[in-house]
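# Residue-level structural notes
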Number of protein chains: 2
Amino acid sequence: MGSVASTLAKLPFEPMIDVYSIVPAGGSGTRLWPLSRDARPKFLLDLEGTGLSLLQSTYQRLLPLSGHEKVMIVTGRAHVDAVKAQLPGISDHNIVAEPSPKESMAAIGLAAMLFHERDPDAVIASFAADHVIATTDNVFASAVASAVAAARQSNGLVTIGIEPDEPSTAFGYIHLGKPEEIESDAETFARFGLTRISACQVQRFKEKPQVEEVKELLATGEYCWNAGMFVTRASVLLHLLQDTCPLLFSGLKKIAADWSSAHRQEVLASVWPHLPKISIDHAIAEPAATQGQMLVIKALLEWKDVGDYAALCEMAGPHLNPGDNQTPAKKVKVMGEAKLVFVQDGSGLFVTSSGRPIVALGIEDLVVVDTPDALLITLASRSQDIKSIVGVCKEAIPYLQ
Amino acid sequence: MGSVASTLAKLPFEPMIDVYSIVPAGGSGTRLWPLSRDARPKFLLDLEGTGLSLLQSTYQRLLPLSGHEKVMIVTGRAHVDAVKAQLPGISDHNIVAEPSPKESMAAIGLAAMLFHERDPDAVIASFAADHVIATTDNVFASAVASAVAAARQSNGLVTIGIEPDEPSTAFGYIHLGKPEEIESDAETFARFGLTRISACQVQRFKEKPQVEEVKELLATGEYCWNAGMFVTRASVLLHLLQDTCPLLFSGLKKIAADWSSAHRQEVLASVWPHLPKISIDHAIAEPAATQGQMLVIKALLEWKDVGDYAALCEMAGPHLNPGDNQTPAKKVKVMGEAKLVFVQDGSGLFVTSSGRPIVALGIEDLVVVDTPDALLITLASRSQDIKSIVGVCKEAIPYLQ
């Protein structure tokens, strides 16, 4: 974690954007079993091979924007210690521990209330803990700044949509509506090198489409990827929530009211178990879009949701078998030590987290995930389908949960 | 090894056949890496799942025929301790330790000389240490008795050929020549329930054929599998060897002369390294066949040379994933614990000698060999081809030899 520490040290005196960041860190990433487990969810893993977990990369990306005091992580109780270990120096009041998983709306709603109490005029932005975003340029920061300006101007919900660079069926899509020009102060324009900020109305959200449909959608030029990034005034979010999910709203209200009191755990214990489980998309984003209260800022981001092994396979390149400089395998991605992987007449993804050599012969797009206590073997094309057989395995061998 | 011990205890007072058995136990079984290693060759492995290694099964099969004092194992120096551990009670003078591998002729030739010194009229029979033969009936014993009778009568070389039950390309074939009736004593006929013993001349040996050719061979009815079993008078073998490989013969002669003296190791050290490397097939069997001095006894044996993972795959049957009684995988063979193997939309061979669960999705005829220090993944159809990539791996990581 020297990296996050050094980012903190290099922080400008002022954060770049007046925005409160919320990072819901939940979900175990079932499609990445046996790398991800209930006790070692995807966001705690280093899937990029950078030495940082997805959560650490996310935190490091948000620190310069919001500043140390305005980034809040919402995670399961079981993961609080691991999160603190990965993010040393994070303030206790910026980690919210959920007693049990309730999907994203409860997590983001509670964080929004806590930030709203700190600052009634707060603009909040929520970002998944386990997405990969390139930050070599300032495209991400500029997109967030634009979305914050749009949220202030519109008093609605704003999302950052990603320009698709391939017809993926792994993501949901956003259907763009009519454009809207966003005003902002000269300083923001100057800092992010913007000449104008263009938003669009969100016509509607479209769940993961089938492969035939995707190409039609993209041909219209009217669709971008839904990356699950939401920006809005905290007060607007809470109003929307009160309208669409009054039970969830009132439950969170009770919890937030006693958050800083001695009764926090008591109230959590009595209220949390009864909160409805619902995602932020279903709870407020889709209703807001239907009511014309939702804007999207399109961004040309290098963004990835590494949701399954096929996504990791896509990073494959030439691989020289150790000790053999003659005949490289064409398409191999190794997570772990490349010097442990020997491939002939084949390609694919090899995870060597058990430290044992892997010899693979004759299978294309093979996925081998070798961990100290379990082994998964499939094809990249089947990596969206592992849930069922992995479920049978976890049921039979509970320590593999 | 309770099993070999109990076979010994149940031995009839007299061995069934007056024959000296030789078991050359060499060769590491490269095509079964990483199960087999230089230090843990194929013959020491339990590939049948019976609780006995191939060597133990071979020894147990030969004890009732030859008796305890007339079975000799020839193996590499490095394996002597392992062989003794697997065959408790074997006499030291029935284990011959080769200083280095020299292929089968040196091993069998030396054993033949040692037996010939014990008994100038000895008939010897050599059997691979790593073949699988069913012994539920007395077909094997009866075939050996017939071959011994043929060897005494013909004063030539005799082999036991296996009636093929499929067009395999993994074995060599024997082209049968004209039939020859073999005499034997009434007691032998009675003991093995034989009414007559028929042998054939061996016209010629045919190396592993291509798949198109095999069907033509089998259609003629004139071919059987070469199982590498040779039966002959020791004196005949030594004469043949002297004719065809005089250097090997004279080298072995020097070694045998000093075998029981204080100079055994000294002579071995000076002579053994210079012995020619040659198989018994090339050294004497093929020349004998050419000269019309070779007979074959055809046997309807259940015989297998488990030479690669495809051979183990053939034993596949239905497999219920642990905890799921609904949807059996159709064609799965597990070596190790079946309760560690979870297969969906696939089939194949799974070796679980690391004790870790294996989840496999979407690959037919998959071969997964999971050992504590190395992992092999291939397809059954490619299991004859693993030598090259395994070689690269062993070169790079010497402890995997």
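Residues numbered from 1 in each chain as written. Chains lettered and ligands numbered in written order. Predicted model: local features only at pLDDT ≥ 70, side-chain atom pairs only at ≥ 80, totals over all residues. Heavy atoms only, no water.

Time to look at the environment of Asn138 of chain B. Residues and elements named next belong to chain B. Note that Asn138 resides in the loop between β5 (132-133) and α5 (139-154). Along the backbone, Asn138 and Phe192 are 54 residues apart, and their C-alpha atoms lie at a distance of 7.3 Å. Setting aside residues no more than four positions away along its own chain, Asn138 makes contact with Arg191 and Phe192. (Helix = DSSP H or I, 4+ residues; strand = E, 2+ residues; numbered from the N terminus. Contact = heavy atoms within 4.5 Å.)

Here, the residues flagged by UniProt with the feature "domain: MannoseP isomerase/GMP-like beta-helix" (unreviewed entry) are residues 345-390 of chain A. Helix makes up 9% of residues 345-390 of chain A and strand 46%, whereas the separation of the span's terminal C-alpha atoms amounts to 28 Å. (UniProt positions renumbered as here; feature names shortened; annotations may be inferred.)

Residue and element names in this part refer to chain A. As far as domains go, chain A holds domain 1 (2-307) and domain 2 (310-400). Its C-alpha centre places domain 1 at a distance of 31 Å from the equivalent point of domain 2. Contact residues are listed per partner, giving 15 residues for domain 1 and 21 residues for domain 2. Of the roughly 1600 Å² buried between domain 1 and domain 2 on both sides combined, carbon and sulfur atoms contribute 65%. Looking at the side of domain 1 facing domain 2, the largest losses of area belong to Arg31, Trp33 and Arg37, adding up to 43% of the total buried there. Counting across the interface, domain 1 meets domain 2 through one salt bridge. Between Asp373 and Arg37 there is a salt bridge, and its shortest N-O distance comes to 2.6 Å. Counting across the interface, domain 1 meets domain 2 through four residue pairs in polar contact (both at pLDDT 80 or more). Per-class residue counts for the side of domain 1 that touches domain 2 are six nonpolar, two polar and seven charged. (Domains from an automatic or database assignment. Buried area = accessible area lost by both parts, 1.4 Å probe. Salt bridge = Lys/Arg side-chain N within 4 Å of Asp/Glu carboxyl O. Polar contact = N/O pair within 3.5 Å; in protein donor to acceptor, adjacent residues only side chain to side chain. Nonpolar A, V, L, I, M, F, W, Y, C, P; charged D, E, K, R; others polar.)

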